[in-house]
Amino acid sequence: MSERNERLASFVEKILGHLDVRATMEWTEKEGQEILDIRGEDMSLLLAHGAKVLYAIEYLANLVCGEKQDWRVLLDCNDFRAMRSYELELVAKKAAEKVKTSLRPFPLQPMPPSERRIVHMALVEDPMVRTESQGFGDNRRVVIIPNKLN
Amino acid sequence: MPMKELIEEIAKALVDDPEQVTVTEVEGEQTTVLELRVAQSDLGKVIGKQGRTARAIRTLLGASGMKLRKRFVLEILE
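Analysis parameters
Residues numbered from 1 in each chain as written. Chains lettered and ligands numbered in written order. Predicted model: local features only at pLDDT ≥ 70, side-chain atom pairs only at ≥ 80, totals over all residues. Heavy atoms only, no water. Pairing = 2+ DSSP bridges. Helix = DSSP H or I, 4+ residues; strand = E, 2+ residues; numbered from the N terminus. Axes fitted to C-alpha atoms, helices over the stretch in contact; angles between N-to-C directions. Contact = heavy atoms within 4.5 Å. Phe/Tyr/Trp six-rings, centres within 6.5 Å; stacked < 30°, edge-to-face > 60°. Buried < 20%, exposed > 50% of the residue type's maximum accessible area, 1.4 Å probe, protein only. Buried area = accessible area lost by both parts, 1.4 Å probe. Salt bridge = Lys/Arg side-chain N within 4 Å of Asp/Glu carboxyl O. Polar contact = N/O pair within 3.5 Å; in protein donor to acceptor, adjacent residues only side chain to side chain. Expected span 1.5 Å × (residues − 1). Core = buried A, V, L, I, M, F, W, Y, C linked by side-chain atoms within 4.5 Å.

This part is about the sheet that holds strand E5 (residues 129–134) of chain A. All names here are of chain A. Taken together, the 3 strands give an open sheet; going across it, the order is E4-E6-E5, and neighbouring strands pair in antiparallel fashion. Unpaired on one side and paired on the other, strand E4 (106–110) and E5 mark the two borders of the sheet. Between one strand axis and the next, the sheet turns through 20° on average, direction left out of account. Of the strands in this sheet, E4, E5 and strand E6 (141–146) are in contact with helix H3 (residues 80–102), which crosses E6 at around 35°.

Moving on, we get to the packing of aromatic side chains. Residue and element names in this part refer to chain A. Enumeration according to the criterion identifies 1 aromatic pair over all chains in this entry. Taken together, a centroid distance of 6.2 Å and an interplanar angle of 75° make the contact between Tyr55 and Phe80 edge-to-face. Remark: Phe80 occurs in helix H3 and Tyr55 occurs in helix H2 (residues 44–65); sequence separation between them is 25 residues. With respect to class, Tyr55 is no different from Phe80; both count as buried.

One frequently used descriptor of interface size is the decrease in accessible area upon assembly of the parts. On the side of chain B, 18 residues touch chain A, which itself brings 17 residues to the contact. Interface area lost by chain A to chain B is led by A:His18, A:Tyr59 and A:Leu60, which between them contribute 35%. For the interface between chain A and chain B, the tally reads 2 salt bridges. Ionic pairing is found between B:Arg55 and A:Asp138, a salt bridge with its closest N-O pair at 2.8 Å. Linking chain A with chain B are 5 residue pairs in polar contact (both at pLDDT 80 or more). When residues of the side of chain A that touches chain B are traced back to their parent elements, those giving at least two are helix H1 (3–18) and H2 of chain A.

Let's shift gears to H3(A). All names here are of chain A. Relative to the 33 Å expected for 23 residues at 1.5 Å per residue, H3 spans 32 Å between its end C-alpha atoms, a close match to the ideal helical length. Where H3 is buried, its residues contact H2, strand E3 (74–77), E4, helix H4 (113–123), E5 and E6. Directly after H3, the chain includes Leu103, whose backbone phi takes a positive value near 55°.

Backbone hydrogen bonds are what pair the strands of a sheet, in a parallel or an antiparallel way. Residue and element names in this part refer to chain B. Judged by pairing direction, the sheet is mixed, and its 3 strands sit side by side in the order E1-E2-E3 without closing on themselves. Two strands close off the open sheet at either side, each with one partner strand: strand E1 (22–27) and strand E3 (71–77). The sheet shows a mean angle of 20° between the axes of neighbouring strands, direction not considered. The pairing of strand E2 (residues 31–37) with E3 spans 7 bridges and is parallel. Within the sheet, the bridge partner assigned to Thr32 lies in E3 and is Phe72. Packing against the sheet, helix H1 (residues 2–14) makes contact with E1, E2 and E3, and its axis sits at approximately 25° to E2. Lying over the sheet, helix H3 (residues 52–68) contacts E2 and E3, oriented at roughly 155° with respect to E3.

Under the definition given, this model contains 17 salt bridges over all chains. Here A:Asp79 ties to A:Arg39 by a salt bridge, and the two come within 2.9 Å at their closest N and O atoms. Of this pair, A:Asp79 sits in the loop between E3 and H3 while A:Arg39 is found in strand E2 (residues 33–39), placing the two residues 40 residues apart along the sequence. On the basis of relative accessible area, A:Asp79 is assigned to the partly exposed category, the value being 39%. For A:Arg39, a relative accessible area of 34% translates into the label partly exposed. The closest approach of N and O atoms between B:Lys70 and B:Glu27, which form a salt bridge, is 3.3 Å. Placement of B:Lys70 in the loop between H3 and E3 and of B:Glu27 in strand E1 is noted, with a sequence separation of 43 residues between them. Overall, the relative accessible area of 22% leaves B:Lys70 in the partly exposed class.

Another aspect to go through is the nonpolar core. One finds A:Leu46, A:Ile57 and B:Leu60 to be the most contacted residues of the largest nonpolar core, which totals 50 residues. No other element matches H2(A), which puts 13 residues into this core. Ignoring any residue separated from it by four or fewer positions in sequence, one finds A:Leu46 in contact with A:Leu16, A:Ile38, A:Ala51, A:Lys52, A:Val53, A:Leu54, A:Ile57 and A:Cys77. Grouped together as the second largest cluster of nonpolar side chains are 13 residues, A:Met111, A:Leu123, A:Val142 and A:Ile144 included.

Written out as structure tokens, the structure reads:
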């Protein structure tokens, strides 16, 4: 366990303490990405409204502890990432079908970078559509665009 | 008060000059205003690009406010 990871975990622990969230934390890794996994009974405070509180803590923790840009830790909470990923793939595929019949670009809801990436990846092998991120900051969203037919 | 400490904790971790971080709490009936003061050179650190850091801190305040049935407002002062 690196010193930076320890600092990051202790920062997250303090924040959770202030927010009165009772949880345990454990480090895991997936495809080379370090993940701090937060688990507990009632995680509604962290996961409400598209997990905006979880994402806010993740952003602050990386800002406080990551002097280098190439080092980022993901926060997960009660399998939120896996469930969200499954959900986003369904949303992406369904929206792509819509685009293929309407032949009009379709913008999805604004999402954080990690979620946009899941959408891009879900449609990367579909020759009928392409995806693009548009907008800035918290308003950046994936737009699914029909490919021109030959 | 826990919210004051939360803001102090985060702000001190973000700035270069933690000794100049102060948070004062102005309590109203429904709304509590938290006034965060940092060194002028650290203002950008607590606000962030396009206010992203300030917004993240406000998100945390909003969440705990919901739990405590109170409204918290963060003001960043020089």
